[in-house]
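Structure at a glance
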Amino acid sequence: MTDTTDDIAEEISFQSFDDDCKLLGNMLNDVLQREVGSDFMEKFERNRVLAQSACNMRLAGIEDTAELLEKQLATEISKMTLEEALTLARAFSHYLNLMGIAETHHRVRKGRSVTHLSKSCDDIFSKLVQGGVSPEDLYNTVCNQEVEIVLTAHPTQINRRTLQYKHMRVAHLLEYNDRPDLGHEDREMLIEDLVREITSIWQTDELRRHKPTPVDEARAGLNIVEQSLWKAVPHYLRRVSNALKKHTGKPLPLRCTPIRFGSWMGGDRDGNPSVTAKVTRDVALLSRWMAIDLYIREIDGLRFELSMSQCSDRLFRLAHEILEKETSSDDRHESLTQPYGRNQLKFHGHQTSSLPTQLPPRADLPACTDCNDGESHYPKLELPRTDYMPLNHQDGKGSLSSETRQNISKSFANGSTAPQSAAGQRGSFSSSQLVAQRKLFAESKIGRSSFHKLLEPSLPQFPGIAPYRIVLGNVKEKLMKTRRRLELLLEDLPCECDPCDYYETTDQLLEPLLLCYESLQSCGASVLADGRLADLIRRVATFGMVLMKLDLRQESGRHAETLDAITRYLDMGTYSEWNEEKKLEFLTRELKGKRPLVPPSIEVAPDIKEVLDTFRVAAELGSDSFGAYVISMASNASDVLAVELLQKDARLAVSGELGRPCPPGTLRVVPLFETVKDLRGAGSVIKKLLSIDWYREHIIKNYNGHQEVMVGYSDSGKDAGRFTAAWELYKAQEDVVAACNAFGIKVTLFHGRGGSIGRGGGPTYLAIQSQPPGSVMGTLRSTEQGEMVQAKFGLPQTAVRQLEIYTTAVLLATLRPPQPPREEKWRNLMEEISKISCQSYRSTVYENPEFLAYFHEATPQAELGFLNIGSRPTRRKGSTGIGHLRAIPWVFAWTQTRFVLPAWLGVGAGLKGVCEEGHTEDLRAMYKEWPFFQSTIDLIEMVLGKADIPIAKQYDEVLVSESRRELGAAMRGELMTTEKYVLVVSGHEKLSENNRSLRRLIESRLPYLNPINLLQIEILKRLRRDDDNNKLRDALLITINGIAAGMRNTG
């Protein structure tokens, strides 16, 4: 609920929102009446009314009555059978999911209806120009902006992908319902469709029964691209271009894209043994395969659209060359040829008298016709089957010959039907298969019975040759060969292809597309050039050949262990036992050398081999497939140089084996600073790195003088509390920027944000606008995790809005950086608040011997592992302590109980301590004038608005041992203190006073959310007495789903 709800809150029309909630709620009621009967519906409604009444009493300040009603509701729930509890949990959960769909839909509706959308490109460009920024500066800054959104597989998306798609279908139907031209019959049919979708949702199992594999997670990310981002990116870039043209007089250059995408899905191996070198290789190739498949679909559409004959000289020559090449090829393969009559071609400015007699295969056919070798796999993405056999180069192109086409046409004309459609076969055949296929067609005169074949014009009706279709047909042919090559690589089959036959780089694919674009422009057809063709060029510029470049991530200790094995094998001692200076001396010396360090004969343990194999995969595929190599738990300069050395060594070894250079480009090596201790040392580590001549020259030569540094929000928050983490992150960024500036090196900061505020989440715009001055200079990388990926980018309309917000926020932070602390006193006060806050947080979480047991009793943390929402373990190591628990289950568990402790614990103590020293007015001034402090307080206030003390108290009273309830009471008191002093600093009378829409959205969910919490408490009580009861466990997991839907985030 953090990011998406906050954006929705300011853009929502409550009347239409209420109408949609009522519509969907009534439909779910009707479905439930039919599915579970009227007796259960009476119990459901009685529970809902009790919850609604309790909420109303509490909002009115009548606490005693509210408490009585909640106790009555808890009593009703405790009397339920397991089947009734399970059904009730499912019903309330689906209500909350449908309300979430309505919220998202209204965000989209508002964006369409307003004439001047805040934070849009038009809005921000206008304000900047009016504020004194010159049009030239604005244009250059936008064109040079480099933002990368990195999608990760962090296990916080609780809904199955099946249900996500069904929810998207409901959202599309709600959008259709808004059409004012719908007739009575159309609306009746739409209602029937909605009822069908909701019935399907109800009858679908909500729970994942198996853990996803890393490849499954990668497929989910690729599906987001295919279903949403593929459509959203051209629309977003048109908005940027139109706004630029309006305010600067110049559109966005065609190849310029301010935003690109990266991925950790299949590359993040930190603590996840399931992510192996083979998985990484397969995911990288699969991403390339998907990109090529999407481009083939787009080229098909373009071939149908660009049917004109006028063209530029360059395009004419290229089309002519392609025809000549095809003619000579056909002369060598007579079995595939069928001569045509000579046609005179009229090109723009040309009259030709001598023309080829042979069309390239399918060059002049409309896009809707498709042959077996160009089969689109839309919408299902599948890995090639293991029985796939490649097409030999001597067998032609895998398309049907002209003679075969004629035979097929004749057979259709005679009313023949095919016993088996060739369209159902794989996209390529072996030599023997192809010959047999042709023989069958020639002998039987039976062709394909596909719809596409029926649309093909008979040969005598071909009107002539269109140059754009010839060129794009050649592009499609090379794309299909590229796709076939990737299939061979995925199957580990031999693949010796001529590099001229396939696309390897983005520039190779862009070249013919840009030529078509320039030709259309020169012929006065700019309206055509700026349509579908421009959209495709922009897609290629944004997604490249891989859709999303894959980052690799590994923990620094694994690299040290690998170097230990190498140095011991070479009788050099144990690397990890050396001091930092000796490590740097050794690493620098080896990096300057030209010989490999790792002997081919070395035998190492499996975990060491896995690290070395990962570097080999990176060397084989290069920077065209991979983005950055992120080192988690980085703390020294040697951590970075160790990766540089292992990377260099792998490239030397692979190059020697292949007998040719590796693909160009090494991976950027990015240290990730995440604990408080490491954040405090980040600046000195970067300074030390850049002081090494080899490294500094390496950065300047290979990365255009650009250093990338990642800061982690999750572990720092778990380590020291949210307030201290926020301040240490702010200072670390200042230190890193200062270190890079001292050496004249540009810096890109990579923000490892989670979805929840406890893990650094929050509204995108607010987060970027509160960064330290100078830390966002036109460049930014940021992760989007779990449920936030679906919430922000699951629909094309919401994706366009999010991309605009990223662009305008980074633009403002670059041209109008946020203000630093006005005076040194403010920094001193922050230090004091942070110190007190950290002491309070750690004294509770790490130093209180009862806390760990309390945590396990009061939350469903132990049961979260049964959700099967991610491929990685919940702990980095086997210890049961808080320190080795990952940040996601830590935040997830407290979100379930509505205590949301990680986001506020310690804050109240810090603010109280400084206020009691007489600095209240200083804090109020800081809130008004310092964006970083204001955003920190606002996010904490938002979290406090979601916390619910009475619900948290219920967990304690029912589940926690009596001896530990005092700890829970003390922490509830701390929560009330935090609320009091946050309001003192902000000057608000009540929580979320500055965002009443958000407060109303939260309140609208409570009648459905509160009963699920009470159900969870009851089920946890029963399950802990009968922990082998699978039905109880299912019921618990469904309540976890429901609470996540109501809170709008998990971990």
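Computed from a prediction, not measured in an experiment: that's the story for all the values here.

1. Observations concerning the pairing of strand β6 (residues 626-632)
With seven of its seven residues buried, β6 lies for the most part within the structure. Sheet topology places strand β5 (residues 549-555) next to β6; five bridges connect them, and they run parallel. Paired with Q554 across the two strands is I631, which belongs to β6. Where β6 lies against strand β7 (residues 668-673), four bridges are found, and the strand directions are parallel.

2. Focus: the packing of helix α38 (residues 996-1023) against helix α39 (residues 1030-1047)
How two helices sit against one another is set out by the angle between their axes and by the gap between those axes. Running from N to C, α38 and α39 cross one another at 150°; their axes reach a closest spacing of 9 Å. By the angle class used here, α38 and α39 are roughly antiparallel. In terms of crossing hand, the pair formed by α38 and α39 is left-handed. Counting all contacts with α38, which are made through R1005, L1009, I1012, N1013, L1015, Q1016, I1019, L1020, R1022 and L1023, the residues of α39 involved are L1032, R1033, A1035, L1036, T1039, I1040, G1042, I1043, G1046 and M1047. Split into classes, the residues belonging to the contact of α38 with α39 amount to twelve nonpolar, five polar and three charged.

3. Considerations on the confidence of the model for the protein chain
Looking at the protein chain as a whole, the pLDDT averages 83, with 83% of positions reaching at least 70. Within the model, pLDDT remains below 50 along residues 334-449, and this stretch shows 224 contacts once partners closer than five positions in the same chain are excluded. Under a pLDDT of 50 for its full length, residues 451-463 has, in the predicted model, 24 contacts with residues more than four places off or in other chains.

4. Brief notes about the nonpolar core
Y295 and L547 are the most contacted members of the largest nonpolar core, which totals 167 residues. With 15 residues, the top contributor of residues to this core is helix α11 (residues 277-305). L547 has contacts with L222, V225, W230, F261, S287, M290, A291 and L294, leaving out every residue within four places of it along the chain.

5. Examining helix α2 (residues 14-36)
With 23 residues, α2 extends 31 Å between its outermost C-alpha atoms, agreeing within 8% with the 33 Å of an ideal straight helix rising 1.5 Å per residue. Every buried residue of α2 is accounted for by F14, S16, F17, D20, C21, L24, G25, M27, L28, V31 and L32. Directly beyond the C-terminal end of α2, a positive phi value near 95° is found at G37.

The rules behind the values
- Residues numbered from 1 in each chain as written.
- Predicted model: local features only at pLDDT ≥ 70, side-chain atom pairs only at ≥ 80, totals over all residues.
- Heavy atoms only, no water.
- Buried < 20%, exposed > 50% of the residue type's maximum accessible area, 1.4 Å probe, protein only.
- Helix = DSSP H or I, 4+ residues; strand = E, 2+ residues; numbered from the N terminus.
- Pairing = 2+ DSSP bridges.
- Axes fitted to C-alpha atoms, helices over the stretch in contact; angles between N-to-C directions.
- Parallel < 35°, antiparallel > 145°, perpendicular 65-115°, else oblique.
- Left-handed = near helix turned anticlockwise from the far one by under 90°.
- Contact = heavy atoms within 4.5 Å.
- Nonpolar A, V, L, I, M, F, W, Y, C, P; charged D, E, K, R; others polar.
- pLDDT = per-residue confidence, 0-100.
- Core = buried A, V, L, I, M, F, W, Y, C linked by side-chain atoms within 4.5 Å.
- Expected span 1.5 Å × (residues − 1).

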